[in-house]
Amino acid sequence: MKKMIILILASLLMLLGCSLKRSNPLDPVAHPGLQIPQDITEIIATPSSTHTTDHWVRLSWKWQNTQVADGYYVYRGQSYNGTYQRLATVTNTPVPSDTLSSSISWTDSPVVPGDYFYKLSAFKRQGSDSGSALEGHISNYKYVRVPQ
Amino acid sequence: MKNILLFIILVFTCNLIYAVEEFDINKFANPSKYGWMNYDERKEFRQDLYDRQKLLQIYEMKSQSITGNMIKSALVPGWGHFSVKAYTKGQVFLGVEIVLLGSSVFLYDKSMEKYKKYKNATQIDAIETNYDDALSPYQYSLAILSLYGLVWIYNIFDAAQATEDYNSNVWSKTVKEYSHSSVSLTPTGIEVRF
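Presented here is an overview of the structure given in this document. Predicted, not measured: the structure shown is a model, and the values here were computed from it.

**A closer look at the overall build of chain A**
Phase 1 of the analysis: A count of helices and strands for chain A gives one helix and eight strands.
Phase 2 of the analysis: Mapped from its N terminus to its C terminus, chain A presents α and β elements in the order α-β-β-β-β-β-β-β-β.
Phase 3 of the analysis: Residues counted as buried form 21% of the 148 residues belonging to chain A.
Phase 4 of the analysis: By sequence separation, contacts in chain A at least 24 residues apart represent 64% of the contacts at least 6 residues apart.

Written out as structure tokens, the structure reads:
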């Protein structure tokens, strides 16, 4: 019985000692030095006006410092809880220091009239490897209706 | 040198004399020391001896090796039990081990699928979610594997116990079937009557 208890304890210790290695180079827990992009704020979605031939949606959001974000991903979905597809990658262009509070914008065009849901996130390339970019938190959806 | 040689010869001679004095030829030649007093008793003793040898031979043929059955059970859980006709126990061990190993492999596979997604993820939420999703089944897989190991060890231990019981049963059956009432199984051991 004693041997059995020792075996059980040894197995539990073995279990506690084993964990999955955090091997992702973009994992902030494993690499605390990584720069995590900030959340996107102040998102404004403006649809094209009624009775126009060209339909579009203009998105604008608060600009982030280039030290924090290298660019932004734009996602679009047909419903708020449906699948969102990455639509575009917007490069984060530096702005003059006197206009730090300015926003950045992107236009989704052409679109057919209807309901659209947009989400945004910022990304930051890590280290010298331009291929590995850490994407920050994806924003809440922004609903917009494009009229006929 | 001469003195040493003389001393050795003296010691050897004394030893021989002492040995001759101690040896009792009557005691050595006394036939009663074997438990028989006449030819009939001696014959009976020989018959008993043959009977016992026969029983042992039959027992050795029918009995199972404990080490062998332990190895069998180590290779395939329950195999040792099947060998000693403990079919229910064998089926239980085999079934439990298959279920445990299968569950552990299934969960490990599920965990690795999520872990692969974690390794390829670039979005901060996806990284965390996939890691958590991979970790949980991985720990369950390890826990079940530990349980599998414990059952596996107990299965080997129980195979040894079952083989001992089987051999004991074989001996008692052999004694019942083949003995001419000269050998009997008692609670304290085997009793041989001369």
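**Quick notes on the interface of chain A and chain B**
Phase 1 of the analysis: With 20 residues of chain A at the interface, the matching set in chain B holds 20 residues.
Phase 2 of the analysis: Of all the secondary-structure elements, those providing two or more residues to the side of chain A that touches chain B are α1 (2-17) and β7 (133-135) of chain A.
Phase 3 of the analysis: A per-element tally of the side of chain A that touches chain B places α1(A) first, with five residues.
Phase 4 of the analysis: Grouping the constituent residues of the side of chain A that touches chain B by class yields twelve nonpolar, five polar and three charged.

**Notes on the sheet that holds strand β1 (residues 44-47) of chain A**
Residues and elements named next belong to chain A.
Phase 1 of the analysis: If you trace the three strands from one edge of the open sheet to the other, you get β1-β2-β5, paired in antiparallel fashion. Edge positions in the sheet fall to β1 and β5 (103-108), since each of these pairs with one other strand and no more. Going from strand to strand, the sheet's axes swing by 20° on average, the running direction of each strand aside.
Phase 2 of the analysis: As defined by bridge partners, strand β2 (residues 57-62) adjoins β5 across six bridges and the pair is classed as antiparallel. Residue pairing in the sheet places K62 in a bridge with S103 of β5.

**Points about helix α6 (residues 87-120) of chain B**
Helical geometry: 3.6 residues make up each α-helical turn, so side chains three or four residues apart lie on a common side.
All names here are of chain B.
Phase 1 of the analysis: Taking 1.5 Å as the rise per residue, α6 with 34 residues should run 50 Å; its terminal C-alpha atoms sit 49 Å apart, in good agreement.
Phase 2 of the analysis: Within α6 the residues assigned to the buried category are G90, F93, L100, S104, L107, S111, K114, Y115 and Y118.
Phase 3 of the analysis: For α6, the secondary structure elements touched by its buried residues are α5 (79-83) and α7 (124-178).

Definitions and cut-offs
Residues numbered from 1 in each chain as written. Chains lettered and ligands numbered in written order. Predicted model: local features only at pLDDT ≥ 70, side-chain atom pairs only at ≥ 80, totals over all residues. Helix = DSSP H or I, 4+ residues; strand = E, 2+ residues; numbered from the N terminus. Buried ≥ 20, exposed ≤ 12 C-beta atoms within 10 Å, placed from the backbone. Contact = placed C-beta atoms within 7 Å. Nonpolar A, V, L, I, M, F, W, Y, C, P; charged D, E, K, R; others polar. Pairing = 2+ DSSP bridges. Axes fitted to C-alpha atoms, helices over the stretch in contact; angles between N-to-C directions. Expected span 1.5 Å × (residues − 1).

These values are about where atoms sit, not about what they do.
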